[in-house]
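Each chain is listed here by its residues.
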Amino acid sequence: MFKRIQRDIDAVFERDPAAKNVLEVLLCYPGLHAIWLHRISHYLFKKGLVLLPRLISNFARFLTGIEIHPGATIGEGLFIDHGTGVVIGETAELGDNVTLYQGVTLGGTGKEKGKRHPTVGNNVVVATGAKVLGSFKVGDNSKIGAGSVVLREVPPNSTVVGIPGKIVWHEGKKIDDARPDVDLEHNNLPDPEAEMIFCLQRGMMRLEERICQLEEELKQYESKSV
């Protein structure tokens, strides 16, 4: 237990340059408080209790703004940065060294029973406001861009952005165009929606040019006919 607590504290220092000392981390990091309260509620949930784990979960949500169902399975080294609005569903499974930013949802897509929330591998980063919905796996070392909505499986070592989520990098190469994948740099991420809008604008410009050309040809034809 103490080893796991120490690992949780170490995760904060590894991934948040704003962390200055242990006392600050212990007192001022709601993500850490939510994780520790979840570990208690999860232990009780696995013992077959229902009400007490849910009460602890609700207290943690009130205290931190982070909602983690007692049934969710969380590995070591989870770091929830800021954390307001983070939701982790009952059958979600998180590996080791996962990073979640504020507004992330690891949820389901309906009222189906059984496994209905995602399984997140080791060393995964899910950025601000991203939604990962469904009972599929997000592979190890993958990254989900800010605001993305992921509805299907993500292979290991991938970067996903957009609505719906689209794999733009895999195994260190950009899809359809090789390029190094150094990290999840939000200012440099491709935007599938913007690219589609640009293609539509370019197509409309070509149509307008063609219409102008046809109008000019029609005028010339009419003048010759007269």
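Residues numbered from 1 in each chain as written. Predicted model: local features only at pLDDT ≥ 70, side-chain atom pairs only at ≥ 80, totals over all residues. Heavy atoms only, no water.

- An unreviewed UniProt entry annotates the protein chain as Serine acetyltransferase originating from Propionispora vibrioides.
- A UniProt comment under Sequence similarities (unreviewed entry) is attached to the protein chain, and it reads "Belongs to the transferase hexapeptide repeat family."
- Taken verbatim from the UniProt record of the protein chain, the Subcellular location (unreviewed entry) comment is "Cytoplasm". (UniProt positions renumbered as here; feature names shortened; annotations may be inferred.)

### Section: the overall build of the protein chain
Here comes step 1: A count of helical and extended segments in the protein chain gives five helices and 16 strands.
Here comes step 2: Put simply, the protein chain has 226 residues, and 39% of those count as buried. (Helix = DSSP H or I, 4+ residues; strand = E, 2+ residues; numbered from the N terminus. Buried < 20%, exposed > 50% of the residue type's maximum accessible area, 1.4 Å probe, protein only.)

### So, a nonpolar patch on the surface
Here comes step 1: The grouping of Phe-13, Val-22, Leu-23, Leu-26 and Leu-27 at the surface amounts to a nonpolar patch, some 440 Å² of accessible area in total.
Here comes step 2: Considering each element in turn, the nonpolar patch owes the most residues, four residues, to helix α2 (residues 22-28).
Here comes step 3: Looking at the element boundaries, Val-22 is found in helix α2. (Patch = residues over 30% accessible without salt bridge, like charges linked within 9 Å, V, L, I, M, F, W, Y side chains within 5 Å. Areas by Shrake-Rupley, 256 points an atom, 1.4 Å probe, with all protein chains shown as cover. Salt bridge = Lys/Arg side-chain N within 4 Å of Asp/Glu carboxyl O.)

### Some thoughts on the pairing of strand β15 (residues 166-170)
For a regular strand, side-chain orientation follows a simple rule: the groups alternate between the two sheet faces.
Here comes step 1: Bridge count between strand β14 (residues 158-161) and β15: four bridges; the pairing is antiparallel. The partner of Thr-159 across the bridge, within β15, is Trp-169.
Here comes step 2: Here β14 folds back onto β15, and the loop between the two strands holds four residues, one of which, Gly-162, carries a positive phi near 100 degrees.
Here comes step 3: Of the pairings in the sheet, the one linking β15 to strand β16 (residues 173-174) comprises two bridges and is antiparallel in character. What sits directly across from His-170, in β16, is Lys-173.
Here comes step 4: Where β15 folds back on β16, the antiparallel hairpin that results is connected by two residues, among which Glu-171 adopts a positive phi of roughly 55 degrees. (Pairing = 2+ DSSP bridges.)

### Looking at helix α3 (residues 30-46)
Here comes step 1: With 17 residues, α3 extends 24 Å from end C-alpha to end C-alpha; this agrees with the ideal 24 Å at 1.5 Å per step.
Here comes step 2: Along α3, the residues that are buried comprise Gly-31, Leu-32, His-33, Ala-34, Ile-35, Leu-37, His-38, Arg-39, Ser-41, His-42 and Leu-44.
Here comes step 3: Buried residues along α3 sit against α1 (2-15), α2, α4 (51-64), β1 (67-68), β2 (73-74) and β3 (79-80).
Here comes step 4: Within two residues after α3, Gly-48 carries a phi angle of roughly 100 degrees, on the positive side. (Expected span 1.5 Å × (residues − 1). Contact = heavy atoms within 4.5 Å.)

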